[in-house]
Amino acid sequence: MIKFGPSGFSEDFAKEYNSTEKIPQWLKMHGLNCYELSFTNGIRLSDETAKKYGEIFFENNIEISVHAPYYINFANPDPEMIEKSDMYIIASLQKMQHLKAKKLVFHPGTKLKLSREEAFENVYNNIKQLILRLDERGMSDFILCPETMGKHGQIGTVEEIAKICTLDERIIPTIDFGHVNAFGLGLLKTEADFESIFETLKKYLGERFNKIHIHFSKIQFGEKGEIRHLTFADTEYGPDFEILAKVLKKYDVEACVICESAGTQTQDAVIMKNILTSL
């Protein structure tokens, strides 16, 4: 099954409500059934409020995913910084228990002054240790979702994310198709281009290749990759969801598709849902 929903507050929602408690009502009104709550700049949600949100979303059958803080960098060679990244993951997972959420999206890391190979090796090994640490804490009921990234200085190509997901079956890919397209400077143009992503996932993940989390938006890019998120009204930059929708059907994908358009994420999520259901 494929579900659709936005990340954060769309501009039209913010004008009318501007309250997380009202999001389930808003989403149901638009025929949407998932939502991503972002801890972008830190976790400022109290346990009491998280429990309240969790109940409201659960009662309305809206699936929640959470995006961990952007401060995480598992490529960093400094053990103290890795400790901080671990704690951001742990704190996010603890808050998710109150939210009744299972999937935690996170950015794997940034190269800093390392080679890409060195940076990826750090990311791989540090996430491997993180899994052991979570299990030691009894925090085994989770799904970690490392995300494909859009800037050339970031770790997170499709192949890199697939390799990370081989560490444990509780790690599944977040494929951000806007990021993949921006990293590849407009790479995604045909069905074959999108299919190559799933073929890479199949190569590394076998039968679970089509159990993924999805981010989608059109993204402006330059010579170093991602610049900024756009809306579906943009006609210059991709990717094109109509092409992806056919591939999602072909590969029988199970996912939440989270729209990250710049301010129109609710409307654009509805557009994506309508495109897929029309096939």
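An account of the accompanying structure is given in this report. Small disclaimer: the values here were computed from a predicted structure and weren't measured. (Residues numbered from 1 in each chain as written. Predicted model: local features only at pLDDT ≥ 70, side-chain atom pairs only at ≥ 80, totals over all residues. Heavy atoms only, no water.)

Here we take up the state of the cysteines. For the structure shown, the criterion picks out zero disulfides. Take Cys34: it sits in no disulfide, and the sulfur closest to it among the cysteines is that of Cys256, at 3.9 Å. Exposure remark for Cys34: the relative accessible area of 1% places this residue in the buried category. Here Cys259 is not disulfide-linked; the sulfur of Cys34 is the nearest cysteine sulfur, at 10 Å. (Disulfide = S-S within 2.5 Å. Buried < 20%, exposed > 50% of the residue type's maximum accessible area, 1.4 Å probe, protein only.)

The linkage connecting Gly238 with the following residue, Pro239, adopts the cis geometry, with an omega of 5°. Turning to its location among the elements, Pro239 is positioned in the loop between strand 11 (225-229) and helix 9 (241-250). At Leu185, a residue that is not glycine, the phi angle is positive and equals roughly 55°. For Leu185, a relative accessible area of 40% gives the class partly exposed. The backbone phi angle of Asp252 is positive, close to 50°, even though this residue is not glycine. Mapped onto the elements of the fold, Asp252 is located in the loop between helix 9 and strand 12 (255-259). Relative accessible area serves as the criterion here: at 55%, Asp252 is assigned to the exposed category. (Helix = DSSP H or I, 4+ residues; strand = E, 2+ residues; numbered from the N terminus.)

This brings us to helix 4 (residues 79-99). Helical geometry: 3.6 residues make up each α-helical turn, so side chains three or four residues apart lie on a common side. Over its 21 residues, helix 4 runs 30 Å from end to end, which matches the ideal 30 Å to within 8%, given 1.5 Å per residue. Listed as buried for helix 4 are Ile82, Ser85, Asp86, Ile89, Ile90, Ser92, Leu93, Lys95, Met96 and Leu99. The inward-facing, buried residues of helix 4 contact strand 2 (34-38), helix 3 (47-59), strand 3 (63-67), strand 4 (103-106), helix 5 (116-136) and strand 6 (143-146). Where helix 4 begins, the capping side chain belongs to Asp78, and its oxygen is found 2.9 Å from the backbone nitrogen of Glu80. (Expected span 1.5 Å × (residues − 1). Contact = heavy atoms within 4.5 Å. Polar contact = N/O pair within 3.5 Å; in protein donor to acceptor, adjacent residues only side chain to side chain.)

By secondary structure assignment, the location of Lys103 is in strand 4. Between the alpha carbons of Lys103 and Glu36 there is a distance of 9.5 Å; along the sequence they are 67 residues apart. Ignoring sequence-local partners within four residues, the contact set of Lys103 consists of Glu63, Ser65, Val66, Met96, Ile143, Cys145, Ile172, His213 and Cys256.

Here the focus is the environment of Gly238. Relative to the helices and strands, Gly238 is located in the loop between strand 11 and helix 9. Spatially, the C-alpha atom of Gly238 lies 7.1 Å from that of Asn181, the residues being 57 residues apart in sequence. In contact with Gly238, not counting residues within four places along its chain, are Asn181, Ser217, Lys218 and Ile219.

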